Amino acid sequence: MLTPRISSTFALATRYDRKPLEVLDWHEHRNLSFCFVMKGSYQETTRHRTFTCRPGEVVIKPGDRRHQNKFSRLGAVCLLLEISEESFDHSAGLIERELNGPIHDYHLARIGLELREELQAHDSLSAIMLEAIALRTVVSGLRLVRDRSRKQAQVEAMRESLDARVGAGDLTAACLTVSERKSAHRLFYEMEGCTMNSYILRRRTFRAFAELLNTDHSLADIAARCGFYDQAHFTKVFATLFGITPGRLRSRMN
């Protein structure tokens, strides 16, 4: 059973079990926050936009940013990690990431799973572990917002097209001349740390993460629905990305 809360000198982790169709009216968190979606889904509305948050995704917000949450028919299980911004001199850089919607980053997704494990273990050492998790979370977040530039804007445009399930070959053929394609692939790799095809595979794995926790579909069905060759391929990619097999994650969550 997950404990509802762990706290330390500069961090607080709280588990929230939200009811189906529950609505949280406009509110804010005092400190920098990372919301890890574990199960279900919800819509978040800010001053500028509305987006949907699903399992495996993370929402980063600086303190005192008002937002509203509407939960799906499945409800949601979320882990909220709040970190005192005064504790990290450079954490203000994460403000830029707010309002860009949920983040698909396997480093942060793994941290969310570790946070869940710590909430489940909860012993006299949990406060120390929470501070280590908080520090790693901030570092991972800062790496995401580093080097935001014209190049980053170009990559974000390519990433949006790939998220819309446009193939890497189709994307470069449609948007670039032959001489520009190699440069585009190099730029994407420089900013994302992986090839376009690897990025597409990651996005399939994140979709599978949500299906795994929000449906009772078999692993074979999820593999097929998310575009993997077969269940073995799905299991291998999932375990490499998240550090746990899909079957073991589902059994732990249940």
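For the structure, see preceding data.
Structure report, in brief. Computed from a predicted model, the values in this text were never measured in an experiment.

About the criteria used
- Residues numbered from 1 in each chain as written.
- Predicted model: local features only at pLDDT ≥ 70, side-chain atom pairs only at ≥ 80, totals over all residues.
- Heavy atoms only, no water.
- Helix = DSSP H or I, 4+ residues; strand = E, 2+ residues; numbered from the N terminus.
- Areas by Shrake-Rupley, 256 points an atom, 1.4 Å probe, with all protein chains shown as cover.
- Salt bridge = Lys/Arg side-chain N within 4 Å of Asp/Glu carboxyl O.
- Buried < 20%, exposed > 50% of the residue type's maximum accessible area, 1.4 Å probe, protein only.
- Pairing = 2+ DSSP bridges.
- Polar contact = N/O pair within 3.5 Å; in protein donor to acceptor, adjacent residues only side chain to side chain.
- Contact = heavy atoms within 4.5 Å.

**What to know about the overall build of the protein chain**
At step 1: Helix and strand content of the protein chain: nine helices and seven strands.
At step 2: For the protein chain, the exposed surface amounts to about 13200 Å²; the carbon and sulfur share of it is 49%.

**Looking at the pattern of salt bridges**
At step 1: If you walk through the whole model with that rule in mind, you get seven salt bridges.
At step 2: Between arginine 15 and aspartate 17 there is a salt bridge, with its nearest N and O atoms 2.6 Å apart.
At step 3: Between arginine 136 and glutamate 114 there is a salt bridge, with the nearest N and O atoms lying 2.6 Å from each other. Linking arginine 136 in helix α2 (residues 126–145) with glutamate 114 in helix α1 (residues 106–121), this pair joins segments that are 22 residues apart in sequence.
At step 4: Accessibility expressed as a relative area gives 37% for arginine 136, which makes it partly exposed.

**Digging into the pairing of strand β7 (residues 67–83)**
At step 1: Judged by how many residues are buried, β7 sits mostly within the fold: 13 of 17 residues are covered.
At step 2: Inspection of the sheet shows strand β2 (residues 11–18) paired to β7 by eight bridges, in the antiparallel sense. Directly across from threonine 14, in β7, lies its bridge partner leucine 80.
At step 3: Pairing analysis gives three bridges linking strand β3 (residues 23–27) to β7, with the strands arranged antiparallel. Bridging across to β7, histidine 27 finds its partner in histidine 67.

**What to know about the side chain of histidine 27**
At step 1: Considering the arrangement of structural elements, one finds histidine 27 in strand β3.
At step 2: A polar contact of 2.8 Å, which involves the side chain of histidine 27, links it to the backbone oxygen of aspartate 25.
At step 3: Leaving out residues up to four positions away in the same chain, histidine 27 has contacts with Arg65, Arg66, His67 and Asn69.

**Remarks on the pairing of strand β5 (residues 50–53)**
At step 1: Of the two faces of β5, the one holding Phe51 and Cys53 is buried and the one holding Thr50 and Thr52 is not buried anywhere.
At step 2: Sheet topology note: the strand β4 (residues 32–45)/β5 ladder contains four bridges and is antiparallel. The partner of glutamine 43 across the bridge, within β5, is threonine 52.
At step 3: Between β4 and the antiparallel strand that follows it, β5, lie four residues.

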